[in-house]
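Chain residues, written in single-letter form:
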Amino acid sequence: MSKKILVLPGDGIGPEIVAEAVKVLDVASEKYGLGVELSYDDLGGAAYDRYGTPLADETLERARQADAILLGAVGGPKWDTIDPALRPERGLLKIRSQLELFGNLRPALLYPQLAEASTLKPEVVSGLDILIVRELTGGIYFGQPRERRMLDNGERQAYDTLPYSESEIRRIATVGFDMARLRGKKLCSVDKANVLASSQLWREVVEEVAKDYPDVELSHMYVDNAAMQLVRAPKQFDVIVTDNMFGDILSDQASMLTGSIGMLPSASLNVQNKGMYEPCHGSAPDIAGQGIANPLATILSVSMMLRYSFAEAAAADAIEQAVSQVLDQGLRTGDIMAAGCRQVGTREMGDAVVAALKNL
Ligand code: IPM
Ligand code: MG
């Protein structure tokens with residue numbers, strides 16, 4: 001049976017990095033008989049320019065029909081001044097929420113070849129392998145009411161709301177425990193339960209879910225402490241489960257432990273493991289169109305797609321191995337460049353992964 005994949009290149013460097021990831025996907029498909037069928041559409045600023053909205057209804061419908069979605073990145077200064085309700089990011093948030101992609105997996109894995117690329121000392125990060133499980137369709141990103149208004153005294157005021165229901169917490173905690181069970185069997189739940197009511201409920205529900213996972217060691221940490229511990233001693237973590245906003249912040253922070261945010265893939269899954277796969281980084285408008293962006297995070301997102309949505313572990317492993325071989329060959333994009341290595345552009349990096357994959 002063919003696998004229908006909707007490709008949404010998006011904005012900025014999105015189209016450049018997605019083109020390389022698609023080359024890798026095509027080769028993997030041929031080599032492992034995956035039978036992928038690709039179709040393309042726009043999301044974010046590109047969709048705003050074409051349809052007048054960052055996520056058109058027809059695109060959403062195509063996304064619903066697809067077995068998986070490959071996304072580049074959205075946003076850029078070109079759309080900074082448009083109606084905030086139509087900003088590129090709103091398209092991304094809408095597709096996440098409409099498809100109920102609540103389970104966001106963001107691995108921070110340090111390739112040994114890149115130990116020197118991190119801003120932290122090699123001994124602090126070498127061997128690092130963390131998985132951040134971020135709740136993606138709830139919390140302050142989507143909470144109502146949210147409003148900007150004028151107070152009686154003429155001052156402007158704005159506020160957001162941070163709601164979490166028991167069922168939302170339970171399902172993301174379950175993803176966290178399931179992932180921990182498959183890995184190092186340690187789960188750290190990050191919250192702000194010393195201040196926030198939503199975090200107090202979060203902690204309570206995580207404790208309840210823990211009863212079904214006696215084999216997983218659960219700990220709790222306040223988010224400020226977790227931010228500090230991530231740079232002090234990141235290897236103490238195995239799986240971190242946290243809410244939408246804390247996960248947004250901590251995953252960017254964790255990415256730098258691995259040398260570059262240009263290395264980090266992500267998966268966003270619904271209850272049936274249908275998923276959208278995208279790099280953790282943004283659209284990098286400052287380097288868009290120059291052919292210098294690192295495509296590895298998007299290529300590794302394809303690997304996650306094969307693993308989580310299609311249960312094609314051998315093909316997924318092969319892509320990761322091909323990436324590792326290319327790093328062994330000393331090829332580096334600018335963001336991970338180091339002495340003694342050869343700097344390459346986006347396309348050359350993609351071609352090298354394709355060649356390595358073919359030869360495996
Ligand atoms: C991410 C991004 C998005 C988020 C933005 C682009 C809306 O930062 O995927 O981490 O905040 O979730
Ligand atoms: Mg982010």
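In this text the structure is predicted, and so the values were computed from the model without any measurement.

Turning to the sheet that holds strand β3 (residues 68-73), a few remarks are in order. Within the open sheet, the 10 strands sit side by side as β2-β1-β3-β12-β11-β4-β5-β10-β8-β9. Their pairing is mixed. Both outer strands of the open sheet, β2 (36-40) and β9 (217-222), are each paired with one neighbouring strand and no more. Here the strands of the sheet are splayed against their neighbours by 20 degrees on average, with no regard to which way each runs. Looking at chain direction, strand β5 (residues 129-135) and strand β10 (residues 239-242) are connected through four bridges and run parallel.

Position of Ser-251 among the secondary structure elements: in helix α9 (residues 244-257). Its relative accessible area of 2% is what places Ser-251 among the buried residues. Here Gly-247 takes part through its backbone oxygen, which lies 2.7 Å from a polar atom of the side chain of Ser-251.

Between helix α1 (residues 14-32) and helix α12 (residues 346-359), the least distance of the axes is 9 Å, while the angle of their chain directions is 10 degrees. In terms of orientation, α1 lies roughly parallel with respect to α12. Here Glu-16, Ile-17, Glu-20, Lys-23, Val-24, Val-27, Ala-28 and Lys-31 of α1 lie close against α12, whose contacting residues are Thr-346, Arg-347, Gly-350, Asp-351, Val-353, Val-354, Leu-357 and Lys-358. Taken together, the residues that form the contact of α1 with α12 break down as seven nonpolar, two polar and seven charged.

Turning to unusual backbone geometry, a few remarks are in order. Look at the link from Gln-144 to Pro-145: it is a cis peptide, with omega at 0 degrees. Mapped onto the elements, Pro-145 comes out in the loop between β5 and β6 (147-150). If you check the backbone angles, Lys-185 has positive phi at about 60 degrees while not being a glycine. Following the sequence through the fold, Lys-185 ends up in the loop between α6 (166-182) and β8 (186-191). By relative accessible area, which is 35% here, Lys-185 ends up partly exposed.

Another point: the domain arrangement of the protein chain. Each assigned domain of the protein chain is listed here: domain 1 (1-102 + 281-360) and domain 2 (129-257). When each unit is reduced to the centre of its C-alpha atoms, the spacing between domain 1 and domain 2 is 26 Å. Taken together, the contacts link eight residues of domain 1 with 11 residues of domain 2. Across the domain 1/domain 2 interface, buried area totals approximately 890 Å², and carbon plus sulfur atoms make up 65% of it. Of all residues in domain 1, Leu-93, Arg-96 and Phe-102 bury the most surface against domain 2, accounting for 62% of the area lost on that side. Linking domain 1 with domain 2 are one salt bridge. In this structure, Arg-171 engages Glu-100 in a salt bridge whose closest nitrogen and oxygen atoms are separated by 3.7 Å. In this structure, the connection of domain 1 to domain 2 is made through one residue pair in polar contact (both at pLDDT 80 or more).

Rules and cut-offs
- Residues numbered from 1 in each chain as written.
- Chains lettered and ligands numbered in written order.
- Predicted model: local features only at pLDDT ≥ 70, side-chain atom pairs only at ≥ 80, totals over all residues.
- Heavy atoms only, no water.
- Pairing = 2+ DSSP bridges.
- Helix = DSSP H or I, 4+ residues; strand = E, 2+ residues; numbered from the N terminus.
- Axes fitted to C-alpha atoms, helices over the stretch in contact; angles between N-to-C directions.
- Buried < 20%, exposed > 50% of the residue type's maximum accessible area, 1.4 Å probe, protein only.
- Polar contact = N/O pair within 3.5 Å; in protein donor to acceptor, adjacent residues only side chain to side chain.
- Parallel < 35°, antiparallel > 145°, perpendicular 65-115°, else oblique.
- Contact = heavy atoms within 4.5 Å.
- Nonpolar A, V, L, I, M, F, W, Y, C, P; charged D, E, K, R; others polar.
- Domains from an automatic or database assignment.
- Buried area = accessible area lost by both parts, 1.4 Å probe.
- Salt bridge = Lys/Arg side-chain N within 4 Å of Asp/Glu carboxyl O.

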